[in-house]
Amino acid sequence: MDGQVTEMPRLDAARTEKPLAGRKILIIVENLPLPFDRRVWHESRTLTAAGAQVAVICPTGKGYEAPYEEIDGVHIYRHRLPLDAKGASGYLLEYGAALFHETRLAWKILRKHGFDTIQGCNPPDLIFLIAWQFKLLGKRYIFDHHDINPELYEAKFNKRGFFWRLMVLFERLNFWTADVVISTNRSYRQIAMERGKKKSEDIFVVRSGPDLNRLHVMPPNPDWKNGCDAMVGYVGVMGDQEGIDLLLESAREIVFDRGRNLQFVLVGGGPALEDLKALAAKLGLQDHVTFTGRAPDDVLFEVLSSADVCVNPDRVNPMNDKSTMNKILEYMAFSKPIVQFEVTEGRYSAEDASLYAEPNNTTDMAAKILSLIDDPLRAAEMGRIGRNRVETELSWDYQVDTLIAAYQRAKG
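Residues numbered from 1 in each chain as written. Predicted model: local features only at pLDDT ≥ 70, side-chain atom pairs only at ≥ 80, totals over all residues. Heavy atoms only, no water.

Engineer: Could you clarify how one ought to interpret the sheet that holds strand β4 (residues 74-79) in this entry?
Structural biologist: Paired through their backbone hydrogen bonds, the strands of a sheet run either parallel or antiparallel. The mixed open sheet is built from 8 strands, whose spatial order is β3-β4-β2-β1-β5-β6-β7-β8. Every interior strand has two partners, whereas the edge strands, β3 (68-71) and β8 (203-205), have only one. Neighbouring strand axes in the sheet, compared pairwise and without regard to direction, differ in orientation by 20° on average. Where strand β6 (residues 140-145) lies against strand β7 (residues 180-183), 4 bridges are found, and the strand directions are parallel. When the sheet's bridge partners are listed, F143 is paired in β7 with V181. (Pairing = 2+ DSSP bridges. Helix = DSSP H or I, 4+ residues; strand = E, 2+ residues; numbered from the N terminus. Axes fitted to C-alpha atoms, helices over the stretch in contact; angles between N-to-C directions.)

Next up, the structure:
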């Protein structure tokens, strides 16, 4: 941060000792390209630093169209996918295309580079179908559990039914196939034991901690405030389950019911972006809400550096209650006070760096945002608490040893 290099003693030790020397690893991730997927990119670079050879299969994406690149010693193989899936037929097309390309590229990588371990990153919970082919050849499989898909399905479609039961089956098969599970938090670890029937010694909690040497505080840019008195920042996906509609309702209450002149800057792209822009205009918030779309790092860093308060409006449901949101840790890394709804893993991550609104209560969220805007000393102290927690407990360097231990366990 601020141009200073943050020490990473665990990563430096791995780089010196090479505990995974001689290992050859294939990572498969379906929903984001590398190096855009920060968690998988941190994992890949860490494994490479520890002496392993790493190849990754992922989709293409804007700015990441090359079918093959080697970056920082990581071999990245990308494939195209159909447009964002909508409905059962769309998901069938997307997942079918992904499995075809992942199978094709996995065999290509086996011939060209070789591998002894596959790490499958969900969603979806279908990469076990690739792992099955290679487990017959003695390869090991690590399931990197990013999302709880049965809960995600229920959050997206507000129902269960046949496809929900299919999600449960796929999850069970993914756990059953895995020699080792990497969980992103304690709640996911519990799911691995209860639903996945995994032994505790085969589960390793590797959080998606930020790399503090990648995040750079920039001088605040007053232009983001658009002439308003203060600014609220949000970073994340623009999807139906992220609760942006709840944030916009809180913004309406702040601006019109309470007569406060605040600007809301929302960074990120996603399938609901255009609908959310239309909702903001319908609520009369076009002069108080800025949607940047998917933005490069310098824009993201400048927005976070300029915000007075950052928010996480994720709707309270079983999915969001048990999931750790990367945005929370990034807010903390930028020393920003946070307002979010009361969720289990959100509170575990932020602790006293956040205020917690009543679940899905937009009026309470509005009140808590204003309480921090009106008390800058308290807001600054919360920001310091969050930054310290990231520096001393939650940054990526604290995940390095556990990730390496998971791979040592998988070797048997």
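Engineer: Just to check I follow, could you spell out the layout of surface pockets for this structure?
Structural biologist: By rolling a water-sized probe across the atoms, one finds the places where empty space is left. The computed volume of the second largest pocket comes to approximately 240 Å³. As for the second largest pocket, its lining consists of 15 residues, of which L11, R15, H42, R45 and D211 are closest to the centre. Elements with a contribution of two residues or more to the lining of the second largest pocket: α1 (9-17) and α2 (38-49). Looking at the lining of the second largest pocket, the element that brings in the most residues is α2, giving 7 residues. (1 Å grid on protein atoms, 1.4 Å probe; cavity = no way out; pocket = protein on both sides within 12 Å on 5 of 7 lines; lining within 4 Å. Points joined across faces, edges and corners; volume = space filled by probe spheres on them.)

Engineer: Explain the environment of V237 here, please?
Structural biologist: Within the secondary structure, V237 is located in the loop between β9 (230-235) and α8 (244-257). A residue is classified by how much of its surface remains accessible, and V237, at 43% relative accessible area, is partly exposed. A C-alpha to C-alpha distance of 5.7 Å links V237 and G269, two positions 32 residues apart in sequence. Setting aside its immediate chain neighbours within four residues, V237 contacts E242, I244 and G269. (Buried < 20%, exposed > 50% of the residue type's maximum accessible area, 1.4 Å probe, protein only. Contact = heavy atoms within 4.5 Å.)

Engineer: What is the right way to read the pattern of salt bridges from this model?
Structural biologist: Side-chain pairs of opposite charge can arise where the charged atoms are in close proximity. Scanning all chains against the criterion turns up 30 salt bridges. Among the ionic pairs, R45 bridges to D72, the shortest N-O distance being 3.2 Å. Remark: D72 occurs in the loop between β3 and β4 and R45 occurs in helix α2; sequence separation between them is 27 residues. Across the salt bridge formed by E69 and R78, the nearest N and O atoms sit 2.8 Å from each other. Of the residues examined, E69 reaches a relative accessible area of 29% and is grouped as partly exposed. (Salt bridge = Lys/Arg side-chain N within 4 Å of Asp/Glu carboxyl O.)

Engineer: Where do I start with the nonpolar core in this structure?
Structural biologist: Inside soluble globular proteins, nonpolar side chains tend to come together where they are buried. Within the largest apolar cluster, 61 residues are counted, with the highest numbers of intra-cluster contacts made by L262, F264, L266, F291, M332 and I369. Ranked by the residues each element gives to this core, the list is headed by α8, at 7 residues. Counting 32 residues, the second-largest nonpolar core is a separate cluster that includes I25, I76, I182 and A410. (Core = buried A, V, L, I, M, F, W, Y, C linked by side-chain atoms within 4.5 Å.)

Engineer: Can you help me understand empty space enclosed by the protein in this one?
Structural biologist: Considering all chains together, one arrives at 3 cavities of 30 Å³ or more under this definition. As a volume, the largest cavity reaches approximately 100 Å³. Elements that contribute at least two residues to the lining of the largest cavity include exactly α2 and α12 (326-333). For the lining of the largest cavity, the per-class residue count stands at 3 nonpolar, 4 polar and 4 charged. (Nonpolar A, V, L, I, M, F, W, Y, C, P; charged D, E, K, R; others polar.)

Engineer: How should I be thinking about a positive patch on the surface in this particular structure?
Structural biologist: Together, R104, K108, R111 and K112 make up a region of like positive charge exposed at the surface. On the secondary structure map, R111 appears in helix α3 (residues 87-112). (Patch = residues over 30% accessible without salt bridge, like charges linked within 9 Å, V, L, I, M, F, W, Y side chains within 5 Å. Areas by Shrake-Rupley, 256 points an atom, 1.4 Å probe, with all protein chains shown as cover. Lys, Arg positive; Asp, Glu negative; His and termini not counted. Charge placed at Lys NZ, Arg CZ, Asp CG, Glu CD.)

Engineer: How do you make sense of the pairing of strand β11 (residues 289-293) when you look at a structure like this?
Structural biologist: If a strand is regular, its side chains alternate between the two faces of the sheet. What you see with β11 is a clean split: V289, F291 and G293 sit on the buried side and T290 and T292 on the side with no burial. For the segment spanning strand β10 (residues 262-267), helix α9 (residues 273-282) and β11, crossover handedness is right-handed. (Right-handed = clockwise from strand over helix to strand, strands pointing away.)

Engineer: Would you mind showing me how to read the environment of V299 here?
Structural biologist: Along the chain, the position of V299 falls in helix α10 (residues 297-306). The partly exposed category is assigned to V299, whose relative accessible area is 22%. Sequence-wise, V299 and T177 are 122 residues apart; in three dimensions their C-alpha atoms are separated by 41 Å.

Engineer: Help me out: how do you make sense of the sheet that holds strand β14 (residues 354-357) in this one?
Structural biologist: Ordered by their spatial adjacency, 6 strands build an open sheet running β11-β10-β9-β12-β13-β14, and the pairing between neighbours is parallel. Looking at strand neighbours, the two that pair on one side only are β11 and β14, the edges of this open sheet. On average, each strand axis in the sheet is inclined to that of its neighbour by 25°, with strand direction left out of account. With 4 bridges joining them, β10 and β11 adopt parallel strand pairing.

Engineer: Honestly, a nonpolar patch on the surface in this entry has me stumped. Any pointers?
Structural biologist: Together, W107, L136 and L137 make up a nonpolar patch on the protein surface, roughly 340 Å² of accessible area in all. Residue placement: L136 occurs in the loop between α4 (128-135) and β6.

Engineer: I'm lost on helix α16 (residues 400-411) in this one. Help?
Structural biologist: In an α-helix, one turn spans 3.6 residues; hence positions three or four apart end up facing the same way. With 12 residues, α16 should cover 16 Å at 1.5 Å per step; its first-to-last C-alpha distance of 17 Å lies within 8% of that length. Among the residues of α16, V400, L403, I404, A406, Y407 and A410 are the ones counted as buried. The buried residues of α16 occupy one face: seen down the axis, they fall within an arc of 150°. Where α16 terminates, the next one or two residues include G412, which has phi positive at roughly 90°. (Expected span 1.5 Å × (residues − 1). Arc of directions from axis to C-beta.)

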